[in-house]
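# Overview (structure and organization)
What follows is each chain in one-letter form.
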Amino acid sequence: MCGIVGYVGEREAQPVLINCLKRLEYRGYDSCGIALLGRGTEVYKGAVRIETLERNLQPNDSRTGIGHTRWATHGKPSESNAHPHTDCSGKVAVVHNGVIDNYLQLREQLTSEGHTFRSETDTEVIPHLIEKYYRGNLEQAVSRAIVDITGAYSLIAIHADRKELIVARKESPLIIGIGDKENLVASDVPAVLDYTDRVMYLEDGDIGVITKNDVKFTRNGKKVERAEHRVPWSIEEAQKAGYDHFMIKEIHEQPRVIRNTFAGHISALEPEIDLGIRRDLDFSNILILACGTSYHAALVGKHVIERLAQIPVRVDIASEFNYSDTVLGKTWVIVITQSGETADSMRALKKAKELGCHTLVITNVVGSSATRIGDDVLYIKAGPEISVAATKSFIAQLVMLYLLAMARASVDVRSRGSLIAELRQLPNKVHEILDREGEIAERGKHLAEHENVFFVARGINFPVALEGALKMKEISYIHAEGYAAGELKHGPFALLTPDTPVIAITARDNTYETLLVNIKEIKARESPVIAVAEEGDDEIEKYVDFVIRVPKVDPMFSPVVNSIALQLLAYYTAKERGCSIDTPRNLAKSVTVE
Ligand code: AGP
């Protein structure tokens with residue numbers, strides 16, 4: 001749950017490391033640090049944001065170094081717990097992302113052998129193990145050290161006597177950026193895009209020796225080759241491009257993202273969908289596993305797949321599936337994860353494979369851990385999502401699930417044709433919502449005064465209520481609850497007051513009339529009601545205090561337009577409250593711990 005970087009080359013390492021760390025801040029930001037090779041190993045770190053660390057640094061002409069931005073798991077954010085961690089001699093420095101399961105045992109053993117520990121972290125055992133095994137060859141010392149470790153890691157180690165970076169990976173992402181007379185290492189691609197668009201992805205078990213002119217990998221002691229890839233994203237795509245925050249930039253990218261997601265899967269001439277995955281699977285039901293926003297996409301997917309393809313679908317929160325004794329018969333398991341690195345989802349994916357299920361991964365990140373485990377992979381092609389709050393990746397996940405359902409739909413060619421036509425129209429519909437940004441921003445300013453808010457809906461929009469509430473709580477820190485509209489009267493009614501706004505998400509489907517009844521019940525408790533409703537629905541005006549308008553679409557696609565309206569609402573509410581929108585407190589983009 002951290003970001004790590006490394007540099008070896010001809011430039012001054014310090015500004016490169018700081019720049020790369022800034023691009024990884026979404027992975028954690030409670031403390032940070034760098035280590036530079038010069039006369040020895042120099043470490044600068046603290047429980048501060050990267051900008052502060054940068055201000056406190058003196059110029060340094062070192063050409064080799066490593067850096068880290070942390071999201072605390074073992075020990076509070078503090079200078080001593082910040083990475084890099086060093087050995088007793090101060091010559092070895094290590095940055096690490098992941099969790100060392102047996103660190104207490106290793107720490108006890110190393111302490112008994114004379115090593116002194118200065119932090120509460122699991123990571124600190126690594127430099128001490130390297131020190132223990134170092135005989136003049138850092139690669140060999142790292143290789144030996146990781147034999148003693150159980151758990152997950154991506155790490156970079158340096159030694160004062162050697163101008164090289166040693167990298168290792170197990171169940172935690174790591175990439176190499178290939179440059180001209182320089183090479184970089186990072187947890188994620190956006191970190192290196194200022195320097196190169198050529199990258200290599202480490203596989204689990206890989207150990208690499210990175211020098212300014214060379215990159216070499218071994219696995220189980222044998223040399224291995226890793227392919228070089230060109231990154232299809234420009235640096236501009238990974239930047240804010242003039243917007244105040246990545247989140248609002250990413251919300252505005254959604255028309256293009258939707259087109260990207262369906263491009264290549266919809267034939268220009270025939271009403272056909274080709275996902276390029278196996279079609280001959282023998283299964284009677286589907287299980288979708290995911291966390292957070294991806295879980296909400298899965299819940300929408302259940303409605304769509306059951307309706308169009310008439311296949312029973314169960315959706316489990318990945319972390320809960322890991323403890324269930326469920327019996328999976330002929331089940332097709334789909335794991336949805338934007339990052340492809342979420343530890344709960346990875347464990348669920350592995351469990352599904354162990355149970356003999358065929359697995360499909362729906363993800364955004366090429367080369368991510370999930371893509372190496374799943375039997376089939378579908379990329380949502382949303383581009384890099386920097387804001388911790390997922391927006392465009394959620395919409396792209398929905399589009400992919402529509403495609404999946406439509407590809408398996410037992411509908412006639414004409415119906416499939418009209419569904420595809422509707423899908424093709426979605427980018428224009430999204431533009432219509434974005435045109436209403438100003439009105440939604442005004443509503444956000446009003447909401448910002450409140451401390452509690454409910455989101456309610458029925459049917460296919462119930463997951464949208466959950467997602468609207470998640471977005472609101474994570475970026476504005478307002479206590480927000482998503483509820484099935486019919487459930488409010490079973491308890492939460494007790495919380496309704498004139499100071500508790502309720503957002504009612506509507507669609508003109510078979511849920512509409514009953515939802516109106518629920519809205520009347522809520523109004524009778526004097527809570528202000530804001531409806532999200534389609535253009536032309538005049539009826540709704542009679543029952544609510546304010547209407548956020550969205551364009552008219554087939555109700556099956558209403559989760560797309562309704563969710564985008566709620567993304568904007570959450571964004572402008574949080575902005576009014578002056579929150580740290582792209583990097584909310586206590587959160588990180590990629591949750592690589594269980
Ligand atoms: C939502 O805004 C969050 N970023 C979070 O809920 C996220 O969706 C969850 O952690 C799952 O991440 P994943 O899709 O990368 O697996």
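Residues numbered from 1 in each chain as written. Predicted model: local features only at pLDDT ≥ 70, side-chain atom pairs only at ≥ 80, totals over all residues. Heavy atoms only, no water.

## Description of the site of the ligand
- Every one of the 15 residues lining the ligand counts as a neighbour, but Ser-294, Thr-337, Ser-339, Thr-342 and Glu-474 are closest to it.
- One nitrogen or oxygen atom from the main chain of Thr-293 is found 3.1 Å from an oxygen atom belonging to the ligand.
- Within the contact set of the ligand, an oxygen atom lies 2.4 Å away from a side-chain nitrogen or oxygen of Thr-342.
- At the level of elements, helix H8 (292-309) and helix H15 (462-476) are the ones that each hand at least two residues to the shell around the ligand. (Near = heavy atom within 4 Å. Polar contact = N/O pair within 3.5 Å; in protein donor to acceptor, adjacent residues only side chain to side chain. Helix = DSSP H or I, 4+ residues; strand = E, 2+ residues; numbered from the N terminus.)

## Re the sheet that holds strand S22 (residues 479-484)
- Strand order in this open sheet of five strands is S22-S21-S23-S24-S25, and the pairing throughout is parallel. The sheet is open, and its two borders are formed by S22 and strand S25 (546-550), each paired with just one other strand. Shown here is a sheet whose adjacent strand axes are inclined to one another by a mean of 20°, direction ignored.
- In terms of strand pairing, strand S21 (residues 452-457) meets S22 through six bridges, oriented parallel. The residue of S22 that forms the bridge with Ala-457 is Ala-484.
- Running at roughly 145° to S25, helix H14 (residues 437-447) makes contact with S21, strand S23 (502-505), strand S24 (529-534) and S25 of the sheet. (Pairing = 2+ DSSP bridges. Axes fitted to C-alpha atoms, helices over the stretch in contact; angles between N-to-C directions. Contact = heavy atoms within 4.5 Å.)

## Digging into the domain arrangement of the chain
- Examined at the domain level, the chain breaks down into domain 1 (3-231), domain 2 (238-435) and domain 3 (436-579).
- Computed from C-alpha coordinates alone, the two centres of domain 1 and domain 2 are separated by 33 Å.
- Buried area between domain 1 and domain 2, summed over both chains or domains, comes out near 930 Å², and the portion from carbon and sulfur atoms is 50%.
- When the buried area of domain 1 at its contact with domain 2 is split by residue, Arg-23, Tyr-26 and Tyr-201 rank highest and sum to 41% of it.
- In this structure, the connection of domain 1 to domain 2 is made through two salt bridges.
- Between Arg-372 and Glu-203 there is a salt bridge, with the nearest N and O atoms lying 3.8 Å from each other.
- Here the residues of the side of domain 1 that touches domain 2 sort into six nonpolar, no polar and six charged. (Domains from an automatic or database assignment. Buried area = accessible area lost by both parts, 1.4 Å probe. Salt bridge = Lys/Arg side-chain N within 4 Å of Asp/Glu carboxyl O. Nonpolar A, V, L, I, M, F, W, Y, C, P; charged D, E, K, R; others polar.)

## Some details on helix H16 (residues 512-524)
- Spanning 13 residues, H16 covers 19 Å between terminal C-alpha atoms, matching the ideal 18 Å at 1.5 Å per step.
- In the core, the buried residues of H16 are packed alongside S21, S23 and S24.
- Positive backbone phi, at 70°, marks Glu-526, one or two positions downstream of H16. (Expected span 1.5 Å × (residues − 1).)

## Examining the pairing of S21
- Judged by how many residues are buried, S21 sits mostly within the fold: five of six residues are covered.
- Handedness of the crossover is the feature at issue here: the chain leaves S21, passes through H15, returns alongside S22, and the resulting connection is right-handed.
- Of the pairings in the sheet, the one linking S21 to S23 comprises three bridges and is parallel in character. In the strand pairing of S23, Val-456 is matched with Ala-504. (Buried < 20%, exposed > 50% of the residue type's maximum accessible area, 1.4 Å probe, protein only. Right-handed = clockwise from strand over helix to strand, strands pointing away.)

## Considering the packing of aromatic side chains
- Applying the stated rule across the entire model yields four aromatic pairs.
- The interplanar angle of 45° and the centroid separation of 4.6 Å between the aromatic rings of Tyr-402 and Phe-557 together place this pair among those described as tilted. Of this pair, Tyr-402 sits in helix H12 (residues 392-407) while Phe-557 sits in the loop between S25 and helix H17 (558-576), and the two are 155 residues apart along the sequence.
- With a relative accessible area of 0%, Tyr-402 lands in the buried category.
- Look at Tyr-571 and Tyr-572: their rings are 4.8 Å apart centre to centre, the planes differ by 90°, and that puts the pair in the edge-to-face class. (Phe/Tyr/Trp six-rings, centres within 6.5 Å; stacked < 30°, edge-to-face > 60°.)

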